[in-house]
Structure formats: structure tokens, C-alpha cells
Amino acid sequence: MKKSAKDYFIYFFTLMLSVGLFYSFNSISTQFASLGLEDNLNYLAFSSSVLTAFSVLVCIIMGALVVYANRFLLRRRKKEMGIYATLGLKRSDLNRILMRETLCIGVFSLAAGIVLGIFGAQILSLATAKLVGIELSNYKFMISFKGIVLSILFFGILFIFVHLFNVKELKKMSLLEMLYADKKNEEVSEEKGAISALLAVLSLVFILGGYGVLTVLSGSTAFKALAWGGTLLIVGTILFFMAALRIAAKVMKKNKRYYYRGINIFTTSQFSARLKTEGRSLAMTAILLYLSLSLTILGPGIGKFVMNGVENATPYDGTIYYAPMADEGKAASDPMKYLRASGFELQHFSNEYEGFWIYETPDVTTEFLSGEEKKSSGTQEQDYYSYDISNPLTVIGVDDYNRMLALQGIEPVRLAEGKFAISYAFPPIEETVKAFEKNPKPLNLGNNMLTLAENGILHHALENKNVLTDEGLLVVPQHLAESLTPQRWILNFNFSSEYKESDRDIYAEWWNADLNGYGMWLKQEALVSLSADNLLMTYLGIYLGITFLITSGAVLALQQLSQSSDNRKRYQLLRKLGVSRKDMKRSLRKQLRVYFGIPLILAVLHSIVTVFMIFRYFQGLDMAVIVSVVGFGVLMVFAVYTVYFITTYLGSRRILQVL
């Protein structure tokens, strides 16, 4: 262990980061409790459960990483194991050596990772407080015993599988293979090399096809675009690296001016020596980097979009909804009377409330504002946040509208006969209504034609909501609204000054009333619901993004360090031939720049297209927010990837003795 400590550093460092990451994100529920967040409807608990469920995926990824890393580390020590076997050690003795080493690394990485995770969880807790919008004075240092137990359980099982893998691999090795492992290159057949051009063409077809799918499908559904487009990009990336190294090696050999300069003959031979292994690892690295960069940007980006306009989400202490369609109109004649008859007495909690109806008419649909015409044939292409033209646009009477504004302490709106206004609450529709204001259309309600009032674009919220989407609301004269079909009844209220209890009391009476067709959103619960969605999308993107980032960096670093160990004799021969250390270091840097640079460039190109195609439909999201989200993701990925590059370079120089 002492002898190989430097070789094991990246392996240990990666495991420590993995355990710390796993613990931090599995202590979310403890963080919520330490911050004193109320979660009456279990939204935060659900988000925490989803993160825990995804931890299983993280463990599978880490398990694949550890097995992959062990394969290289075991190859690094094949000759050492062969010498032990030649000296008389039995296979069972070698297995015990590997078991003790695995146990030592496992215990140390678990302990160090949990300590790192405990401090990382405090940073995550402060970030949670900022995202939820609570005072940092509520913060308390916390340790999650659930996170510790899960970390020990998952990674303990993982190390058992690692040991079983080592035993299996050692059993397959012959003594001759152990002793001469460092002198064996891969055999690349001419037949495989002959189809490199075809593979390169296919890779471009798949990659460009992925870009095209992201461009077209992101206009209708983002998830389908990501699924199909991402799959095509991944396949294209694999095909690209199956062909790229072979083609690059041939091009370098044919370019005589390059090939015979300095020790480029040696550098080219290094590329050609292990095309199959390095092609697979580079493809895996590029895919993982693409997933990492995309997730660390899209996760927080979607989280920010979920909260975009949150200041208008809860204009009242509470909102009660009633939809006649939900109970076949049983309470439609007098929703307030039915509410009281069911046992829910709003007067126990509030003495300031107002109810109103929202109306609809099939003659006015959401295409009225969007300006999109319904075509007689074919289907209309919808963008990600466009409106379904079959949905009726909702209407409210101006008197009801003013009563809701008065409940918020806002001055009433004056609307002349023959005029209408448009009210909206959230940013996603802002561009649509502003465009309508510049080119307004008349509104036909029955036999009445209305025109847009001067300053007829109103920005007010009239209900509590936990989903910050908006199709717009038409404000018309009261008598015209009441002639339309009722769609929903809404009751807004503010708690009375005498009501000092928690939200649990009102929910207890609400659940006892067992109201069919009714729903309720209190201010606190609506904000918690939105915050839970924000936290889930943000943390899930960062959690998986960092996991893929660590995996990609570790896979590439371990492979290159293992290659350096195998190449030690080759560099010793260069030294005997009189090659300077400067030239050898230049050759090493050139190789590492290719191995680390090509996957990164391809991943960045994929991520730029993916992120741009999704973000272009985030209407209303401030550009400064988008820049901060993109900057955070890029900075984190490049920082960690650079650490792996520098560590690999320094480690390779030490192994090859070209310091």
C-alpha cells in the first residue's frame, strides 16, 4: 500500500468525492428539518425521496467506475502479481492481499468521504436556505445518521463486488500473461481500419441528426427532444471515437513533415498502440462529460424557471378552488354555501375574503392572444410553451377583478363599455401579451365587439398557484362575463389577526370536510411546493452532473496513468537513445492534450446545442439568471476536469521519471 500510494491517489480521491457527494444529497431530509421547514403536504419529503431513489443510479454508476478503475489498476500490477506467484505465493494468498488492500482503501475512503460529506452538507444546507428563501438565522449544524448509514451500506456492498471482481480477474490470468503484460499491445486488424472512413461518416450523420432532432422537437416537447436527440448524439460519439484515432494515426503517418519531426514517430506509435481501449474510454469520457455539462446547466436552469415570477404566486394567505366538472355541478349554484354545509367554516380563520367566478366561451380560445391561426389541414407546430388552440381563454368581470385587487390593497381598474383588458401574472406569457398590445385585435363576445382599452395590459395575480404558468385572463364588463359559461369558482382570503395557529389547523378542518371538487392552496404550502420543485430540479441536475463528471475524469486519469506505467520501459529506451527530458515531456503533454481535449471539445459542442435549444423557450427568464446558471455549470466542470488533467500529467511524469 505504501509503495503504490501515489498510484492509488486518484482512485482514493475519486472514491472520497463519491462518498461525500452521496452523503450530502442523501442528508437533504435532515437539512429540511434543521432549517425548520414545515411540510404539511409532504412536497419536500417527496423531493428528498426522489433524490434517494436516484442515489441507486449513482451507486450503479460509481460501481461501474470502481470496477473499470480496478481493471486498470489490476493490469498495472499484473507483473507484480506474477513475480509473487513465481516466488511461491498461491492464488488464495494473492486474493487475500487484494482483499486487504480493497478493505483498507474502502475504509479510508468511506471515513474521509463521510467527513467531507458532513461539511459539504452544511454548504448544501445554506444553499437550500437561499433557494427556499428563509433566514440563515434558522441554520443549525447537522449530521444525518440516515446519510451515514446509507453511505456505509451502499459503498460497503460496492467494495464486496469489487473484491469479487478482483478475484475473478486474477483467476483468469495465466502466469505468462502476468509477467509480460507490459509488453503486449493491441492488435488492430486491417479490416477494421479499412472501415474507419465509413464509421466516421456514420458518426457525422448521427451527430448532425441529433442536432436536428434537438432543433425540431424542442419546439414541441423538451423531454422527447432530449431523449431522442441525446441518444443519437451518444451513438454518434461512440462511432466517432471508433474511427477518429485510426484516421488520426494514419494522417499523422502520411504527413512526412510532421511524422519525422522530433520524436513524433514515437508519439504516433503511442496513439496506434492501444486504439481499441483508448477509443472506448475516450467515447465514454465524452458521453459522460456531455451529460455532466448539460445536466449541471439544465437542472438549475429549469429550477430557476420553475420559480420565475414566484413573487406573484401567493397574493393571498389562501385560495380555495371549485370546478363544477369535478362533482358534476352539485355545488355550482352556491359554492360558498356548500362549503359551509360540508363543515368547513372559513370564519374560524378569516374575516377578509372574496369569491368570484371565472368564465369561458368556445368562441375565444388561446389563439386569440398568440395570434396563431388554426389551419384547415395538417397539424400546427407548437413550441415548448405555446398554447393549445383548442383551450378556451378564461374571462373575468371587471367588478370581480376589482374586488380581488381590493383584497390585495390595489387601486381598482376602470374599464369603459365596449372595452376589454388583458391580465397576466407570470413571465412566460409576457412577450405574447406585449406583442398583442402592439397589434391588438377586436374581441367578439356573442353580439358584442370589444376593443383593447388604453393601458389595457394589466400585471396582477388573482389566486395562489403552485405552477407558474399563465394563459392570460380577459377582463370584460361584468354583465358580459356573467352571460358566459362558468368555468371555475375561486375564493381568496387572508387570515384574521386573531388566528395565530399553524396551517395544520386549517388543513385538519379542510380534510374532515371531505370536499369533492374543491381544492386549497395556502401561501406557505404553495411556496413550499414551488421550492420543492426548484430544489428537486436543481439538486438532481447537480447531483447527477457531478457524478458523471467525477466518473469521466477518473476513468480517463486512471487509464492514462496505467498507460504511463506500461510505457515506462519505452521512455527509458528513449532516454538511452539520447532524447531530452524536454522532448519527452512535450510528447507526454501532446498525448494528454489529445486524450483530455477531444472528448471535452465534443462534449462542449453537444452541450451548446442541447442547452441552447432548450433555453430558447424559457420565456421571461432573465438573461442574467441564464448567464449565472451556464457560468456555474461550465466553471464547475472545467475546474474538476482540469484538476484531473493536472494530476494525471504530474503522476505520469513521476511514473515515467521525466520530472
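Above this text is the structure in question.
Counting restarts for each chain: residues are numbered from 1 in the order of the written sequence. Confidence filtering applies because this is a predicted model: local features only for residues at pLDDT of at least 70, side-chain atom pairs given and counted only at 80 or more, and all residues used for totals across whole chains, interfaces and linings. Hydrogens and waters are ignored; side-chain quantities use all the structure's heavy atoms.

1. Looking at the overall build of the chain
- A helix here means a DSSP run of H or I that spans at least four residues, while a strand means a run of E at least two residues long, and both kinds are numbered starting from the N terminus. Helix and strand content of the chain: 23 helices and nine strands.
- For the chain, the proportion of contacts with a sequence separation of at least 24, taken over those separated by at least 6, is 87%.
- Calculation of accessible area relied on Shrake-Rupley with a 1.4 Å probe; when residues are assessed, cover is drawn exclusively from the protein chains displayed. Per element, the accessible surface of the chain, about 31,000 Å² overall, is 62% carbon and sulfur. Note on contacts: a residue pair is in contact if any heavy atoms of the two residues lie within 4.5 Å.

2. Overview of unusual backbone geometry
- Positioned with a positive phi, Asn455 is a non-glycine residue whose angle comes to about 55 degrees.
- Along the polypeptide, Asn455 turns up in strand β6 (residues 448-459).
- The backbone of Gln657 shows a phi angle near 60 degrees, a positive value even though the residue is not glycine.
- Only protein chains enter the calculation, and the probe is 1.4 Å; a residue is then buried if its accessible area is under 20% of its type maximum, exposed if over 50%, and partly exposed in between. Note on Gln657: relative accessible area 44%, which makes it partly exposed.

3. A look at the pattern of salt bridges
- By convention in these notes, a salt bridge is any Lys or Arg side-chain nitrogen within 4 Å of a carboxyl oxygen on Asp or Glu. Scanning all chains against the criterion turns up seven salt bridges.
- In this structure, the salt-bridge partner of Lys434 is Glu430, at a minimum N-O distance of 3.5 Å. Residue Lys434 and its partner Glu430 are located together in helix α17 (residues 430-438), separated by four residues, close to a single helical turn.
- Residue classification places Lys434 among the partly exposed residues on the basis of a relative accessible area of 34%.
- Residue class for Glu430 comes out partly exposed when judged on its relative accessible area of 29%.
- Between Arg488 and Glu463 there is a salt bridge; the shortest N-O distance is 3.3 Å. Linking Arg488 in strand β8 (residues 485-494) with Glu463 in the loop between β6 and β7 (473-476), this pair joins segments that are 25 residues apart in sequence.
- For Arg488, a relative accessible area of 24% translates into the label partly exposed.

4. Brief notes about the sheet that holds β6
- The sheet built from nine strands is open, its strands ordered β5-β6-β4-β7-β3-β2-β8-β1-β9 with mixed pairing. Two strands close off the open sheet at either side, each with one partner strand: β5 (443-445) and β9 (518-522). Ignoring strand direction, the axes of neighbouring strands in this sheet form an average angle of 35 degrees.
- Strand pairing follows a simple DSSP-based rule, namely that at least 2 bridges must link the two strands. Both β5 and β6 contribute to a ladder of three bridges, which runs antiparallel. Of the residues in β6, the one forming a bridge with Asn444 is Met449.
- Structural elements are reduced to axes, namely lines fitted to C-alpha atoms, with helices fitted over the stretch in contact, and the angle between N-to-C directions of any two is expressed from 0 to 180 degrees. Where helix α16 (residues 398-407) meets the sheet, it contacts β2 (352-365), β3 (392-397), β4 (419-424), β6, β7 and β8, and its direction lies at approximately 140 degrees from that of β2.
- Where α17 meets the sheet, it contacts β4 and β6, and its direction lies at approximately 160 degrees from that of β4.

5. Some points on α16
- A large share of α16 lies buried, amounting to seven of its 10 residues.
- Along α16, the residues classified as buried are Val398, Asp400, Tyr401, Asn402, Met404, Leu405 and Leu407.
- In the segment just after α16, Gly409 is the residue with positive phi, at about 80 degrees.

6. A few points about a nonpolar patch on the surface
- Think of a patch as exposed residues, more than 30% relative accessible area, with no salt bridge, where like charges cluster within 9 Å and nonpolar side chains (Val, Leu, Ile, Met, Phe, Trp, Tyr) cluster within 5 Å. Together, Val115, Phe119, Phe141, Ile143 and Phe145 line one region of the surface with nonpolar side chains, adding up to about 560 Å² of accessible area.
- You can see Phe141 is positioned in the loop between α5 (91-132) and α6 (145-172).

7. What to know about the packing of helix α20 (residues 523-566) against helix α23 (residues 623-656)
- At a minimum axis separation of 9 Å, α20 and α23 run at an interaxial angle of 15 degrees. By the angle between their directions, the pair α20 and α23 is classed as roughly parallel. Handedness of the crossing formed by α20 with α23: right-handed. Of the residues in α23, those in contact with Ile542, Ile546, Leu549, Ile550, Gly553, Ala554, Leu556, Ala557, Gln560, Leu561, Ser564 and Ser565 of α20 are Phe632, Met636, Val637, Val640, Tyr641, Tyr644, Thr648, Gly651, Ser652, Ile655 and Leu656. Each angle gets one of four labels, with under 35 degrees taken as roughly parallel, over 145 as roughly antiparallel, 65 to 115 as roughly perpendicular, and the rest as oblique. Throughout, a crossing is termed right-handed when the near helix is turned clockwise from the far one, and left-handed when it is turned anticlockwise from it by less than a right angle.

8. Some remarks on the side chain of Thr610
- With respect to the helices, strands and loops of the structure, Thr610 is situated in helix α22 (residues 581-615).
- Those residues in contact with Thr610 that lie beyond four places of it in its chain are Leu214, Leu226, Leu233, Tyr290, Ser294 and Leu298.

9. Examining the environment of Leu415
- For Leu415, the location among the structural elements is in the loop between α16 and β4.
- Here Leu415 falls in the buried class, since its relative accessible area comes to 19%.
- The sequence separation of Leu415 and Glu454 amounts to 39 residues, and the corresponding C-alpha distance is 9.4 Å.
- Those residues in contact with Leu415 that sit more than four places away from it in its chain are Val398, Phe420, Ala421, Ala453, Val475, Val476 and Pro477.

10. Focus on the nonpolar core
- Residues Tyr11, Tyr571 and Phe615 are the most contacted members of the largest nonpolar core, which totals 100 residues.
- The dominant element in this core, judged by the number of residues it contributes, is α20, at 19 residues.
- Aside from chain neighbours lying at most four places away, what touches Phe615 is Ile297, Leu298, Gly301, Ile626, Val629 and Val630.
- Membership of the second largest hydrophobic core comes to 42 residues, among which are Tyr322, Leu339, Tyr424 and Tyr507. The term nonpolar core refers to a set of buried residues drawn from Ala, Val, Leu, Ile, Met, Phe, Trp, Tyr and Cys, joined through side-chain atoms within 4.5 Å.

11. Re the packing of aromatic side chains
- Aromatic pairs are defined between Phe, Tyr and Trp rings, using the six-membered ring for Trp, whenever the two ring centres lie within 6.5 Å; interplanar angles under 30 degrees are classed as stacked, those over 60 as edge-to-face, and all others as tilted. As enumerated under the stated definition, the model contains 18 aromatic pairs in all.
- Ring centres 5.5 Å apart and planes at 85 degrees place the aromatic pair Phe22 and Phe155 in the edge-to-face group. Taken together, the residues span a long stretch of sequence, with Phe22 in helix α1 (residues 9-25) and Phe155 in helix α6 at a distance of 133 residues. With respect to burial, Phe22 and Phe155 carry one shared label: buried.
- Taken together through their ring pairs, the aromatic side chains of Tyr322, Tyr338, Trp357 and Tyr518 make up a single cluster.

12. Comments concerning the pairing of β6
- As paired strands, β4 and β6 are joined by five bridges and run parallel to one another. Opposite Phe420, over in β6, you have Leu452 as the bridge partner.
- Two successive antiparallel strands, β5 and β6, enclose a turn made up of two residues, where Gly446 displays a positive phi of approximately 65 degrees.

Function cannot be read off these values alone, since they describe shape.
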